[in-house]
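# What the coordinates show
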Amino acid sequence: MTASPDLGATRTASPELLRSVFRQHAAGVAVITAAGAGPVGFTATSLNSVAAEPPLVSFGVGASSSSWPVVAEAEHVGVHILGEDQQELAATFARSGADRFGPPTDWSRGPEGVPLLGGVVAWLVCRVVARIPAGDHRIVIAEVVAGDPSRGGRPLVYHQGRFTALRD
C-alpha cells in the first residue's frame, strides 16, 4: 500500500484556494519597469527564467493594473531583483496609486530608455517577444539584451503574504 496525502481539508477550485496554496510558496521579489509617457513599474513574484538560449524570462502582469497599458506597448522592460533590505521599495511598487518613481526611489534611464532602479541585487533589460493572455493576467516573455549582476547580496522573498529575508 502506498501513502496518500491527508485529503481532509480538500476544497473546490477558487481564486481563494489558489491564493491560500501560494501563500505557502516562497517566491523571489522583482520589480518590472517600462517607459511610456512616464515610467511605470510593479512588484512581481512571478518572474521566471524560461530559456538560456536565447536568454528568455517571463513574468505575469494583471490586465487591469495601471502598468499594463504601458507594458502592453513597450518594446523593452527592466527586470530588477530586489535585496532583502528593499522591503519598502517592493511595497511601494506593489501599492496601487503610489508615486513609485518619486523620492525616495533611486532610478535613472538605462539601455533602451528603460527605467532602472538603483541599489538592486541585479537587473536586466529585456526585449519583449510575446504577450500571452492568461485569465485576468498577461504573461510577458522577454529576451535579455543587457544586465548587471555585480551588486549581489541576499534576495528579498515573499512568503505568507509578507516580504521577508532568507534564513540560514
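Above this text sits the structure in question.
None of the values given here were measured: they were computed from a predicted structure.

### Things to note about the overall build of the chain
- On a plain count of helices and strands, the chain comes out with three helices and 12 strands.
- Here the C-alpha atoms of the chain give a radius of gyration of 17 Å, agreeing with the 15 Å that 2.2 N^0.38 yields for 168 residues.
- Dimensions of the chain along its principal axes, counting C-alpha atoms only, are 60 × 35 × 35 Å.
- Each of the 168 residues in the chain was classed as buried or not, and the buried ones make up 36%.
- With an accessible surface of roughly 9,700 Å², the chain has 55% of that area assigned to carbon and sulfur atoms.

### A few points about the sheet that holds strand S3 (residues 39-44)
- Pairing is antiparallel across the open sheet formed by seven strands, whose spatial order is S3-S2-S6-S9-S10-S5-S4. On the outer flanks of this sheet lie S3 and strand S4 (48-52), each paired with one strand and no other. Strand after strand, the sheet turns through a mean of 35° between neighbouring axes, direction not considered.
- Here strand S9 (residues 122-134) pairs with strand S10 (residues 137-148) via 11 bridges, running antiparallel. Residue pairing across strands places Ala134 opposite His137, the latter belonging to S10.
- Packed onto the sheet, helix H3 (residues 87-94) meets strand S2 (30-35) and S3 and runs at close to 115° relative to S3.

### Overview of the environment of Gln24
- If you trace the backbone, Gln24 turns up in the loop between helix H1 (15-22) and strand S1 (27-28).
- Here Gln24 falls in the exposed class, since its relative accessible area comes to 53%.
- When the C-alpha positions of Gln24 and His159 are compared, they lie 6.6 Å apart, and in sequence the two are 135 residues distant.
- Once you skip the residues sitting within four places of it in the chain, Gln24 turns out to touch His159 and Gln160.
- In this structure the side chain of Gln24 is engaged in a polar contact, spanning 3.0 Å, whose partner is the side chain of Gln160.

### Focus: the sheet that holds S1
- Ordered in space as S1-S11-S12, the three strands form an open sheet in which the pairing is antiparallel. The open sheet has two edge strands, S1 and strand S12 (162-165), and neither has a second partner.
- In this structure, strand S11 (residues 156-159) lies alongside S12, joined through four bridges in antiparallel fashion. Looking across to S12, one finds that Tyr158 is bridged to Phe163.
- Sheet strands touched by H3: S11 and S12. Its angle to S12, the strand with the most contacts, is close to 155°.

### Observations concerning the nonpolar core
- Ile32, Ala34, Phe42, Val77 and Val140 are the most contacted members of the largest nonpolar core, which totals 18 residues.
- Elements with a minimum of two residues in this core: S2, S3, strand S5 (55-62), helix H2 (68-73), strand S6 (76-81), S9 and S10.
- Apart from residues lying up to four places away in sequence, Ile32 is in contact with Val40, Gly41, Phe42, Ala44, Phe59, Val77, Gly78 and Val79.
- By size, the runner-up hydrophobic cluster in this structure holds 15 residues, among which are Val31, Leu116, Leu117 and Phe163.

Reading the values: the criteria
Position labels on residues start from 1 in each chain and follow its written sequence. Per-residue local features are limited, in this predicted model, to residues with pLDDT of at least 70; the limit for side-chain atom pairs, both in listing and counting, is 80 or more; totals at the level of whole chains, interfaces and linings are taken over all residues. Water and hydrogen atoms were dropped before computing side-chain values, which therefore reflect all heavy atoms in the structure. Helix numbering and strand numbering both begin at the N terminus, where a helix is a DSSP run of H or I of at least 4 residues and a strand a DSSP run of E of at least 2. The reference for a compact globule is 2.2 Å times residues^0.38; the radius of gyration itself is calculated from the C-alpha atoms. Burial classes: relative accessible area under 20% of the type maximum marks a residue as buried, over 50% as exposed, and values in between as partly exposed (1.4 Å probe, protein chains only). For the accessible areas, the method is Shrake-Rupley and the probe is 1.4 Å, while residue cover comes only from the protein chains on display. By the convention used here, strands pair only if DSSP detects at least 2 bridges between them. A fitted line through C-alpha atoms serves as each axis, taken over the contacting stretch for helices, and the angle formed by two N-to-C directions is quoted from 0 to 180°. Contacts are assigned to residue pairs that have any heavy atoms within 4.5 Å of one another. We call two N or O atoms a polar contact when they sit within 3.5 Å, provided that within protein one can donate a hydrogen and the other can accept it, with sequence-adjacent residues counted only if both atoms are side-chain atoms. To qualify as a nonpolar core, a set must consist of buried Ala, Val, Leu, Ile, Met, Phe, Trp, Tyr and Cys residues joined through side-chain atoms within 4.5 Å.

Shape is all these values report; function is a separate question.
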